[in-house]
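Here is how the chains run, residue by residue.
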Amino acid sequence: MSVAITIRNAVKIYGKNIVIPDLSVEIKEGEFFTLLGPSGCGKTTLLRMIAGFNTIEGGEFYFGDKLVNELNPAKRNIGMVFQNYAIFPHLTVRQNVAFGLRTRKLSTEEIRTRTDEFLELMQISEYADRLPEKLSGGQQQRVALARALVIQPDVLLMDEPLSNLDAKLRVEMRSVIKEIQNKLNITTIYVTHDQEEAMAVSDRIAVMNRGVIQQIGSPQVLYQRPANKFVAGFIGKTNIITRALVPQENTSKLLISDSYAIDMPVIHHQERKQVLVSIRPEDFQIVEDTEGMAATVNDSIFLGLMTNYFVTLETGERADIIQESTINSIYSKGSTIRLQVNVEKINVFSEDGAKNLLLEE
Amino acid sequence: MNQLKKKRTPLEVWNIIGLSILLLYVLFLVQPLFNLLKSSVVDNEGGLTLAHFKKFFSQKYYISTLANSFKVSIAVTFFSLLIGVPLAYFYNLYEIRGKKGLEILIILCSMSAPFIGAYAWILLLGRQGLITKTIEAILPITVPRIYGFNGIVLVLVTRLFPLVFLYVSGALKSIDNSLLEASENLGCTGLNRFFKVVMPLCMPSILAAALLVFMRSMADFGTPLLIGEGYRTFPVEIYNQYVGETSVNHNFAAAISVVAILITALVFILQKFLANHYRFSINSLHTIERKKIHGIKNILIHLYAYLLVFISMLPQLYLFYMSFRNTSSSGSVFTKGFSLNSYRIALKRMSSAIPNTLFIGGISVLVVLFLAVLVSYLVVRRRNVVTSTIDSISMLPYIIPGSVVGIALVITFSKQPMVLTGTVTIMIIAMIIRRIPYTIRSSVAILQQIPMSVEEAGISLGASKLYTFFRITVPMMKNGIISGGILSWITIITELSTSIILYTSHTVTLTLSIYIFVVRGTEGPAAAMATILTLFTTISLIIFIKVSDGKEMVM
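Just so you know, the residues in each chain are numbered from 1, in the order the chain's sequence is written. Starting at A for chains and at 1 for ligands, labels are handed out in the order in which the entities are written. Selection of residues for local features in this predicted model requires a pLDDT of at least 70, selection of side-chain atom pairs for listing and counting requires 80 or more, and totals for whole chains, interfaces and linings are taken over all residues. Side-chain metrics rest on all non-hydrogen atoms present in the structure, leaving aside hydrogens and water.

1. Quick word on the overall build of chain A
Part 1 of the argument: Helix and strand content of chain A: 8 helices and 20 strands.
Part 2 of the argument: Its C-alpha atoms give chain A principal-axis dimensions of about 80 × 50 × 35 Å.
Part 3 of the argument: Sequence-distant contacts, at least 24 apart, represent 66% of the contacts inside chain A between residues at least 6 apart.
Part 4 of the argument: Each accessible area is a Shrake-Rupley estimate made with a 1.4 Å probe; only the visible protein chains count as cover when residues are assessed. Carbon and sulfur atoms provide 47% of the accessible area of chain A, an area that totals close to 16600 Å².
Part 5 of the argument: Charged residues are defined narrowly, with Lys and Arg counted positive, Asp and Glu counted negative, and His plus the chain ends left uncounted. A charged residue contributes its charge at one atom only: NZ of Lys, CZ of Arg, CG of Asp or CD of Glu. Between the mean site of the 39 positive side-chain charges and the mean site of the 45 negative ones, chain A shows a separation of 7 Å. Runs of E in the DSSP output that reach at least two residues are strands. Runs of H or I that reach at least four are helices, and both are numbered from the N terminus. In what follows, a contact means two residues having at least one pair of non-hydrogen atoms within 4.5 Å.

Following this line, the structure appears as C-alpha cells:
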C-alpha cells in the first residue's frame with residue numbers, strides 16, 4: 001500500500017564533506033514528488049538514503065509511522081528504477097520482472113499471473129522471453145518499471161530514469177510514467193536535473209542546491225513565484241537586474257530606468273534600498289509608447305511562434321526578450337525599442353538573492 | 001543541528017568472509033614469508049646473524065649470478081617488446097590470412113613450460129643438435145652454440161613475446177579508429193603515426209607487459225638450469241643451495257631468496273611509478289578496422305608473423321615428431337622407425353603423473369576461482385581496512401619467484417603443528433598461491449564492468465546480500481570466471497619452479513615427469529610426456545577461446 005514519507009533533519013556526510021547539512025521534507029501519500037537540482041546538489045544522495053543504499057548520518061526517515069533508518073533496503077518494500085535501468089542481463093524479461101516476486105516466495109501461479117499483468121501493463125509481453133540485451137532503451141526502461149512495480153511497493157523511487165534516452169523517447173516515456181503512476185496511485189519520488197521533465201510529471205517539486213531544499217511547490221508556483229534567485233534562474237529563463245526600491249506611502253516604487261518606474265503595491269518598505277528584479281523573457285513588452293525603458297537590439301532569432309531578441313538595455317545590461325511573432329514586425333539589428341514589464345509577473349528579490357520580497361509576510 | 005550518530009560496523013556476512021580470507025593469507029602466505037625472512041638471518045645455532053647476506057655480497061660468484069639474471073631479464077624484455085609490439089600492430093591494423101589460427105598459435109607458444117623449449121632447442125641446436133649437425137655437414141662453418149646467455153634469451157623470448165602481443169593487442173582494441181583517422185587527417189601517417197600516436201596510447205599496456213616479461217624471466221629457473229651450463233642465474237643458485245648435490249645451505253638459500261624478493265619488489269615499484277605517467281582513459285566507440293594491403297608489404301607482414309610463430313613452435317613440433325620415434329626398451333636410445341614405445345614407457349614409469357596433474361590442477365583451479373571471486377568482490381565492493389590489506393597481500397606472490405614460494409612453504413610446513421611437506425596438499429597450496437594474484441586481477445576487472453546498481457536492484461527487490469551475489473553477480477561474471485579458470489589451469493599444469501622444490505615420488509605431475517625424464521636422459525618418454533602436455537594445453541586453450549568469445553585475455 002502507498003505510504004507518506006517524512007524526513008526530519010536528515011544529514012549526509014562523506015568523509016569531511018557535508019553533502020546534506022539538515023534537510024526536512026514531507027511527501028504525501030500517492031504524490032508524485034520530484035527532487036530537482038543541478039548535478040552534485042545531493043538529490044540522488046537523498047534518494048539513496050530513502051532507498052537504504054546510503055548510510056544516514058543524522059535525522060529520521062519515516063515510511064508512514066515506521067522509522068526506517070536502520071531497516072535493511074531489502075525489507076523496505078520499495079520499487080526502484082535506476083539511471084542505467086540495472087536490468088539483469090543474464091535473465092529474460094520475464095525472469096527480470098519476476099525476480100522480486102521470487103524473493104518474496106510467492107506461489108508459481110501467483111508469480112505468473114502478476115508478472116503477466118505487469119508485462120501487459122507496460123506493453124512488453126511480446127518480449128517476455130527475450131534477453132534484455134536485445135531490447136531498445138525505451139523497452140529496457142519499461143522492463144525496469146515493470147520489475148519495480150510488480151512487487152506492489154509502498155514507494156516508487158526513480159533516479160534520473162530518462163537520462164539515457166533520446167529526446168523523443170524521453171517525452172514519450174515521461175507520459176508513460178505519469179500515466180502508470182496515476183493509475184496505481186503510488187507515492188513516487190523522482191530525481192532529475194531536467195526542469196522541463198520535472199514540470200511535466202510532478203505534483204510537487206523540491207528544488208535543491210548544495211544539499212539544501214530551496215523551495216517546495218507545484219510547478220506553477222515554482223515558475224511564477226520562485227522563492228529566491230537560484231530557483232528563478234534554475235526553473236525557466238530569467239533576466240536579473242539590480243534596481244532601487246523607493247518607499248512611497250503604502251507602496252514602493254521600483255526604478256527600472258531614469259524615465260520608467262513602476263508601482264509595487266504589495267511591497268512595503270521604510271527606506272530606499274537595492275533589490276534584484278527577475279524578469280522572464282516573456283514578461284517584457286515591446287511598446288510604441290513613449291513610456292518605458294529604451295533598449296538596442298543586438299540580434300534576433302525567429303523561432304516560428306515566438307521571436308527571441310537579444311538586447312542591451314539603456315542602463316547597459318544585456319537581456320533576453322521573447323515575443324509572439326507578428327507579421328512584418330521583426331526589429332532589425334541596431335534598432336532602438338522601448339520596453340515595459342508585466343508588473344504582475346515579475347519577482348523582486350533581496351539584494352543577496354536569498355528571498356522573494358513578494359512572498360514576505 | 002541534530003546529533004550525529006557514529007555508524008557501527010555490523011558483523012555482516014561479507015565482513016566474516018573478509019576476515020576468514022585474511023586468516024588464510026596470514027597462515028599460508030604471510031607466515032611462510034616471515035619464516036623465510038627469519039631463517040635468512042639466523043645461523044646454525046639459531047643466533048641472529050647477517051653472515052648469509054655478507055657472504056652473498058662479498059663473493060664475486062654470487063654477485064655474478066645476480067648480474068647474469070639482470071642481463072638475461074633485460075635482454076629478454078627488450079627483444080620480447082621488439083618482436084611483440086610490431087606483431088600486435090600488424091595483427092590489429094592489417095588483414096592477415098588465417099588470423100584466428102595465428103592467434104591461437106601465438107598464445108600456444110607462451111603456454112609450454114620454458115624448460116621444455118630449452119630442452120627441445122638443445123636437441124635442435126645443441127652440440128649433437130639436428131640443425132647444428134646438418135648445417136655443419138653441408139657448410140664449412142661452425143654454428144654458434146646455443147648454451148649460455150644466447151640460449152636462455154632465445155628460449156625465453158620465444159615463450160614470452162606472446163604476452164607482449166596479447167597486452168598490446170588489448171590496448172589496440174581499445175583505441176578508437178577516429179584517433180587514427182584524426183592523426184592521418186593532420187598529416188601524421190605510417191611510422192610517424194606509430195611512434196607519435198599508437199605507441200603512446202599503448203604505453204600503459206606496454207609497460208605492464210614489460211613488467212610481466214621481466215618478472216617471468218627473472219624468476220624462471222628451468223631454462224637456465226638446462227641450457228645455461230656455466231651461465232648461472234640466481235634462481236638456479238637458490239635451487240642449488242637448497243637441494244644441491246654439493247653444499248646444502250638452507251639459511252643461505254633463504255638469504256638469496258630475500259634478496260630476490262627485494263629486487264623484484266623494486267622493479268615492481270619502478271614500473272608502477274612509470275605507469276603512473278601514462279594514465280588516461282579512452283572512450284572507444286569504433287574499434288580499429290583492419291586494412292587490406294597489397295604487394296611486397298603484405299608479403300613481408302605475413303612472412304614476419306608466420307616465421308615468428310614457426311620458430312617459436314619449432315620445439316613443440318620437434319618433440320611431437322620425436323615422441324613417435326622408435327626407442328629401445330629403456331627409452332633412452334632412439335632406433336629406426338616409428339612406434340608408440342615412448343608413450344608406453346612414459347605412462348608405465350610415471351603412471352600417476354596424469355591423475356596427479358588432473359587432481360592437483362583441478363582442485364587448485366576450483367579453490368583459486370572460489371577465493372578470487374570472493375576477494376575481488378571484497379576489494380571492489382567492500383573497501384575497508386581488512387579488504388585493502390587483503391588486496392595488498394594478495395599481490396605479493398606476483399613479485400615472488402616460484403622457487404622462493406616453494407622454499408618458504410617447506411621451511412614453514414615441515415615442522416609441527418602443521419606438517420604438510422611431501423603431501424598433495426602442499427602442492428595444491430603452492431599452486432593456489434602462485435596463481436591467485438592473476439585470477440584476482442582478472443576478476444576485479446570483470447567486476448568493475450558490472451554496475452553497482454544491478455546488485456542494488458536485486459536488494460531493493462527484497463533479495464539478501466548473499467542471494468544477490470550468487471544469483472546476480474556471479475552469473476554475470478560467469479564467462480569471465482570460466483575463462484580465467486582455464487588460464488589458471490594451463491599455467492598450473494605447466495608450472496615447474498615451485499613444484500620442483502615440493503614434489504615427492506607420489507606427487508609427480510606431467511611437467512615434473514618431463515623434467516625427470518630429461519634429467520635422466522630418457523629422451524623418448526620426455527618427448528611423449530611433453531606432447532601429452534601440449535595436447536592438454538591446446539584443448540584447454542580452444543575451450544578458453546570458445547568460452548571467452550573474443551574477449552581479452554589477462555595472463
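2. A few points about the overall build of chain B
Part 1 of the argument: Assigned secondary structure in chain B consists of 23 helices and 2 strands.
Part 2 of the argument: Overall, chain B is about 95 × 70 × 50 Å in size when its C-alpha atoms are taken along their principal axes.
Part 3 of the argument: Classification of residues uses two cut-offs on accessible area relative to the type maximum, computed with a 1.4 Å probe and protein chains only: under 20% is buried, over 50% is exposed, and between them is partly exposed. Counting over 555 residues, chain B shows a buried share of 56%.
Part 4 of the argument: Contacts in chain B between residues at least 24 apart in sequence constitute 77% of all its contacts with a sequence separation of at least 6.
Part 5 of the argument: For chain B, the accessible area works out to roughly 24900 Å², and carbon and sulfur atoms hold 67% of it.

3. Concerning the pairing of strand E14 (residues 273-279) of chain A
As a general feature of sheets, a regular strand has side chains that alternate between the two faces.
All names here are of chain A.
Part 1 of the argument: Where burial is concerned, most of E14 is hidden: 5 out of the 7 residues are buried.
Part 2 of the argument: Should DSSP find at least two bridges between two strands, the strands are taken to pair. Of the pairings in the sheet, the one linking strand E11 (residues 239-247) to E14 comprises 7 bridges and is antiparallel in character. Across the sheet, the residue bridging to Leu-245 is Lys-273, located in E14.
Part 3 of the argument: Across 3 bridges, the pairing between E14 and strand E20 (residues 347-349) is antiparallel. Counterpart to Leu-276 in the pairing with E20 is Phe-349.

4. Overview of the interface of chain B and chain A
Put simply, an interface is often sized by how much accessible area is lost when its parts join up.
Part 1 of the argument: Listed as interface residues are 23 residues of chain B and, on the opposing side, 32 residues of chain A.
Part 2 of the argument: Between chain B and chain A the total buried area reaches about 2300 Å² when both faces are included, carbon and sulfur atoms providing 62% of it.
Part 3 of the argument: Between Lys or Arg on one side and Asp or Glu on the other, a salt bridge is scored when a side-chain nitrogen of the former is within 4 Å of a carboxyl oxygen of the latter. Where chain B packs against chain A, one counts 1 salt bridge.
Part 4 of the argument: A salt bridge links Arg48(A) to Glu456(B); the shortest N-O distance between them is 2.6 Å.
Part 5 of the argument: For this analysis, a polar contact is any N or O atom pair within 3.5 Å, provided that within protein one partner can donate a hydrogen and the other can accept it, and provided that sequence-adjacent residues contribute only side-chain to side-chain pairs. In this structure, the connection of chain B to chain A is made through 5 residue pairs in polar contact (both at pLDDT 80 or more).
Part 6 of the argument: Elements with a contribution of two residues or more to the side of chain B that touches chain A: helix H19 (452-460) and helix H20 (465-493) of chain B.
Part 7 of the argument: Top contributing element to the side of chain B that touches chain A by residue count: H19(B), with 7 residues. Buried area is a sum: the accessible area each of two parts loses on coming together, probed at 1.4 Å, counted once for each and added.

5. So, the domain arrangement of chain A
Residues and elements named next belong to chain A.
Part 1 of the argument: Each assigned domain of chain A is listed here: domain 1 (5-233) and domain 2 (237-359).
Part 2 of the argument: Note that the domain bounds reflect an automated or database-derived domain assignment. Each of domain 1 and domain 2 has a C-alpha centre, and the two are 39 Å apart.
Part 3 of the argument: With 10 residues of domain 1 at the interface, the matching set in domain 2 holds 17 residues.
Part 4 of the argument: A combined buried area of about 1000 Å² lies between domain 1 and domain 2, and 49% of that area is made up of carbon and sulfur atoms.
Part 5 of the argument: Considering only the surface of domain 1 that becomes buried against domain 2, Tyr-223, Arg-225 and Lys-229 emerge as the three largest contributors, covering 54% of it.
Part 6 of the argument: Run the count over domain 1 and domain 2 and you get 0 salt bridges.
Part 7 of the argument: The tally of links between domain 1 and domain 2 comes to 10 residue pairs in polar contact (both at pLDDT 80 or more).
Part 8 of the argument: Those elements giving two or more residues to the side of domain 1 that touches domain 2 turn out to be helix H7 (219-224) and helix H8 (229-234).

6. Some thoughts on the pattern of salt bridges
Residues and elements named next belong to chain A.
Part 1 of the argument: Scanning the entire structure with this criterion turns up 20 salt bridges over all chains.
Part 2 of the argument: The salt bridge partner of Asp-203 is Lys-178, with a shortest N-O separation of 3.5 Å. Residue Asp-203 is found in the loop between helix H6 (195-201) and strand E9 (204-209), and its partner Lys-178 is found in helix H5 (residues 167-184); the two are separated by 25 residues along the sequence.
Part 3 of the argument: A residue is classified by how much of its surface remains accessible, and Asp-203, at 35% relative accessible area, is partly exposed.

7. As for the packing of aromatic side chains
For any two aromatic rings, the description comes down to two numbers: the centre-to-centre distance and the angle of the planes.
All names here are of chain B.
Part 1 of the argument: Each pair of aromatic rings taken from Phe, Tyr and Trp, with Trp reduced to its six-membered ring, is defined by centres within 6.5 Å and is described as stacked if the planes are under 30 degrees apart, edge-to-face if over 60, and tilted in the remaining cases. Here the structure, examined in full by the defined rule, presents 33 aromatic pairs over all chains.
Part 2 of the argument: Between Trp-14 and Phe-469 the ring centres are 4.8 Å apart and the planes differ by 80°, which places this aromatic pair in the edge-to-face class. Placement of the pair is Trp-14 in helix H1 (residues 13-40) and Phe-469 in helix H20, with a sequence separation of 455 residues.
Part 3 of the argument: Plain terms: the ring middles of Tyr-318 and Tyr-321 are 6.0 Å apart, the flat faces sit at 35° to each other, and that makes the pair tilted. One end of the pair is Tyr-318 and the other is Tyr-321, both in helix H13 (residues 295-323) and 3 residues apart, which spans about a single turn.
Part 4 of the argument: Aromatic rings pair up to connect Tyr-89, Phe-90, Tyr-94, Phe-194, Phe-195 and Tyr-304 into one cluster.
Part 5 of the argument: Note on criteria: charge over ring means Lys NZ or Arg CZ within 6 Å of the ring centre, with the direction from the centre no more than 35 degrees off the ring normal. Between Lys-55 and the ring centre of Phe-252, over which it is positioned, the NZ or CZ distance is 4.0 Å.

8. Overview of the UniProt feature "domain: ABC transmembrane type-1" (unreviewed entry) in chain B
Part 1 of the argument: UniProt positions are given in the numbering used here, feature names are shortened, and annotations may be inferred rather than shown by experiment. According to UniProt, the feature "domain: ABC transmembrane type-1" (unreviewed entry) maps to residues 66-271 and 354-544 of chain B in the numbering used here.
Part 2 of the argument: The straight-line gap between the two end C-alpha atoms of residues 354-544 of chain B is 21 Å; of that span, 82% is helix and 0% is strand.

9. Examining the sheet that holds strand E12 (residues 252-257) of chain A
Sheet strands pair by backbone hydrogen bonding; their relative direction is either parallel or antiparallel.
Residues and elements named next belong to chain A.
Part 1 of the argument: Taken in spatial order, the 5 strands line up as E13-E12-E11-E14-E20 in an open sheet, and their pairing is antiparallel. What marks the edges here is a single partner per strand, and that holds for strand E13 (260-264) and E20. Each strand axis lies, on average, 40° off the axis of its neighbour in the sheet, ignoring direction.
Part 2 of the argument: Bridging between E11 and E12 involves 4 bridges; their strand directions are antiparallel. Across the sheet, Leu-245 pairs through a bridge with Leu-254, a residue of E12. Fitting a line to C-alpha atoms yields each axis, with helices limited to the stretch in contact; the angle taken between N-to-C directions then spans 0 to 180 degrees.

10. Some thoughts on the packing of H1(B) against helix H18 (residues 424-449) of chain B
Packed helix pairs are characterised by how far apart their axes lie and by the angle those axes make with each other.
Residues and elements named next belong to chain B.
Part 1 of the argument: Interhelical geometry of H1 versus H18 gives an angle of 115° and a closest axis separation of 11 Å. Classified by the interaxial angle, the pair formed by H1 and H18 is roughly perpendicular. Crossing angle aside, the handedness with which H1 passes H18 is left-handed. Of the residues in H18, those touching H1 at Tyr-25, Phe-28 and Leu-29 are Ile-429, Ile-433, Ile-436 and Ile-440. Oblique is the label for any angle not under 35 degrees, not over 145, and not in the 65 to 115 range, which are roughly parallel, roughly antiparallel and roughly perpendicular in turn. For a crossing to be left-handed, the near helix must be turned anticlockwise from the far one by less than a right angle; the clockwise case is right-handed.

11. So, the nonpolar core
Part 1 of the argument: Residues enter a nonpolar core if they are buried and are Ala, Val, Leu, Ile, Met, Phe, Trp, Tyr or Cys, with the set joined through side-chain atoms within 4.5 Å. Counting residues in each nonpolar core, the largest one holds 184 residues, and the members touching the most others are Ile21(B), Ile227(B), Leu409(B) and Met529(B).
Part 2 of the argument: For this core, the element with the most residues is helix H7 (residues 149-173) of chain B, which contributes 15 residues.
Part 3 of the argument: Other than its neighbours up to four places away in sequence, Met529(B) contacts Ala346(B), Leu347(B), Met350(B), Ala353(B), Leu510(B), Ser513(B), Ile514(B) and Phe517(B).
Part 4 of the argument: Ranked by size, the runner-up nonpolar core spans 78 residues in total, among them Cys41(A), Ile111(A), Leu149(A) and Leu461(B).

12. What about a nonpolar patch on the surface?
Part 1 of the argument: A cluster of nonpolar side chains, contributed by Leu307(B), Phe310(B), Ile311(B) and Leu317(B), occupies part of the molecular surface with about 360 Å² of accessible area.
Part 2 of the argument: Considering the arrangement of structural elements, one finds Leu317(B) in helix H13. The patches reported here contain residues having more than 30% relative accessible area and no salt bridge. Joining distances are 9 Å for like charges and 5 Å for nonpolar side chains (Val, Leu, Ile, Met, Phe, Trp, Tyr).

13. Some remarks on the sheet that holds strand E15 (residues 284-287) of chain A
Residues and elements named next belong to chain A.
Part 1 of the argument: With antiparallel pairing, 5 strands are arranged side by side in an open sheet as E15-E19-E16-E17-E18. If you trace the sheet from one side to the other, it starts and ends with E15 and strand E18 (318-324), each paired once. The sheet shows a mean angle of 50° between the axes of neighbouring strands, taken without regard to direction.
Part 2 of the argument: The pairing of strand E17 (residues 306-313) with E18 spans 7 bridges and is antiparallel. By the bridge assignment, Val-311 is partnered in E18 with Ala-319.

14. Quick look at the pairing of strand E2 (residues 17-27) of chain A
Residues and elements named next belong to chain A.
Part 1 of the argument: Two strands pair when backbone bridges link them, and strand E1 (residues 5-14) and E2 are joined in this way by 7 bridges, in the antiparallel orientation. Looking at the pairing, Ala-10 lines up with Leu-23 of E2.
Part 2 of the argument: In sequence, E1 turns back onto E2 through a hairpin of 2 residues, with Gly-15 there showing a positive phi of about 60°.

15. As for the environment of Phe149(B)
Part 1 of the argument: Structurally, Phe149(B) is set in helix H7.
Part 2 of the argument: Beyond its immediate stretch of four places on either side in the chain, Phe149(B) contacts Lys71(B), Val72(B), Ala75(B) and Tyr231(B).

16. Concerning H20(B)
Part 1 of the argument: What a helix should span is 1.5 Å times the count of its residues minus one. In a regular helix each residue adds 1.5 Å, so 29 residues correspond to 42 Å; H20(B) covers only 36 Å between its end C-alpha atoms and thus falls short of that length.
Part 2 of the argument: Taking the largest bend as the criterion, H20(B) deviates by roughly 55°, centred on Lys478(B). Note that the bend at a residue is defined as the angle between axes fitted to the seven residues ending at it and the seven residues starting at it.

17. Thoughts on the side chain of Gln215(A)
Residues and elements named next belong to chain A.
Part 1 of the argument: Examined against the element boundaries, Gln-215 turns out to sit in strand E10 (residues 212-217).
Part 2 of the argument: Classification of Gln-215 as buried rests on a relative accessible area of 9%.
Part 3 of the argument: At 2.7 Å, the side chain of Gln-215 and the backbone nitrogen of Ala-227 are in polar contact.
Part 4 of the argument: Ignoring sequence-local partners within four residues, the contact set of Gln-215 consists of Ile-205, Ala-206, Val-207, Val-221, Leu-222, Arg-225, Pro-226, Ala-227 and Val-231.

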